[in-house]
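Notes for the structure review
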Amino acid sequence: GVEGGADGGLVEEGAGSFTLASLSAALAVSSGICFLASRLCMSPTLQDWNIPIGTVLTIVLATAFPGRVKGLQTGAEAAGVFGMQLFFAATGASGNIQD
């Protein structure tokens, strides 16, 4: 959430508080979920179900262990912001390339 800061400005909860350990943990958990989903989809009937099964695994994990998953939030947010910035930089660069 957003709270009032000491100087009267608004401060987002958890802003700037991620560590390399939380980022590494978030990446490790997401890699594990992707690996498990890909292993579950090795049969020809489930071949195109990687993303839905990964989504279900993520929801089950977050529901079963809400306290542990909450600890991954700051690292996951940092990775998400970096990914969005990378996406916009790549799409912006491709729009500015002249033939």
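As shown above, the structure is provided for reference.
Notes on the structure in this doc start here. Per chain, the residues get numbers from 1 upward, laid out in the order the sequence is written. Whole-chain, interface and lining totals are the exception, using all residues; otherwise, since this is a predicted model, local features are given only for residues with pLDDT of at least 70 and side-chain atom pairs are given and counted only at 80 or more. The side-chain quantities take in all heavy atoms of the structure and omit both hydrogens and water.

1. So, the overall build of the protein chain
Helix numbering and strand numbering both begin at the N terminus, where a helix is a DSSP run of H or I of at least 4 residues and a strand a DSSP run of E of at least 2. Regarding its fold elements, the protein chain presents four helices and two strands. Along the protein chain, from the amino end to the carboxyl end, the secondary structure elements read β-β-α-α-α-α. Working rule for contacts: check all heavy atoms of both residues, and any pair within 4.5 Å makes them a contact. Put simply, 40% of the contacts in the protein chain that link residues at least 6 apart link residues at least 24 apart. Exposure was quantified through the Shrake-Rupley algorithm and a 1.4 Å probe, taking into account, for residues, occlusion by the shown protein chains and nothing else. Counting only carbon and sulfur atoms, one obtains 67% of the accessible surface of the protein chain, whose full area is about 7,700 Å².

2. Let's talk about the packing of helix H1 (residues 20-40) against helix H2 (residues 50-64)
Between two packed helices, what matters for the description is the angle formed by their axes and the separation of those axes. Remark: H1 packs on H2, axes separated minimally by 9 Å, with the N-to-C direction vectors making an angle of 130°. Relative to H2, the element H1 is oriented oblique. The interaxial crossing formed by H1 with H2 has right-handed handedness. On H2, the residues touching Val29, Ile33, Leu36, Ala37, Ser38 and Leu40 of H1 are Asn50, Ile53, Gly54, Leu57, Thr58 and Leu61. Broken down by class, the residue content of the contact of H1 with H2 amounts to eight nonpolar, four polar and no charged. Throughout, an axis means a line fitted to C-alpha atoms (over the contacting stretch in the case of helices), and angles, computed between N-to-C directions, take values from 0 to 180 degrees. Any angle from 65 to 115 degrees is called roughly perpendicular, while one under 35 is roughly parallel, one over 145 is roughly antiparallel, and all others are oblique. Handedness of a crossing is defined here by the sense of rotation of the near helix relative to the far one, left-handed for an anticlockwise turn of less than a right angle and right-handed for a clockwise turn. Gly is put with the polar residues, along with every residue not named as nonpolar or charged; the nonpolar set is Ala, Val, Leu, Ile, Met, Phe, Trp, Tyr, Cys and Pro, and the charged set is Asp, Glu, Lys and Arg.

3. Let's talk about the side chain of Ser22
Take Ser22: it is sitting in helix H1. Burial classes: relative accessible area under 20% of the type maximum marks a residue as buried, over 50% as exposed, and values in between as partly exposed (1.4 Å probe, protein chains only). According to the relative accessible area criterion, Ser22 is buried, its value standing at 10%. Definition of a polar contact: a pair of N or O atoms within 3.5 Å, with one able to donate and the other able to accept a hydrogen when the atoms are protein atoms, and with sequence-neighbouring residues admitted only if both atoms are side-chain atoms. Of note is the side chain of Ser22, whose polar atom sits 3.5 Å from the side chain of Thr74. Once residues within four sequence positions are removed from consideration, Ser22 is found in contact with Gly71, Thr74 and Gly75.

4. Observations regarding the environment of Arg39
Its place among the elements puts Arg39 in helix H1. Since its relative accessible area comes to 46%, Arg39 is described here as partly exposed. Each C-alpha atom, one on Arg39 and one on Asn50, is 8.9 Å from the other, the two residues being eleven residues apart in sequence.

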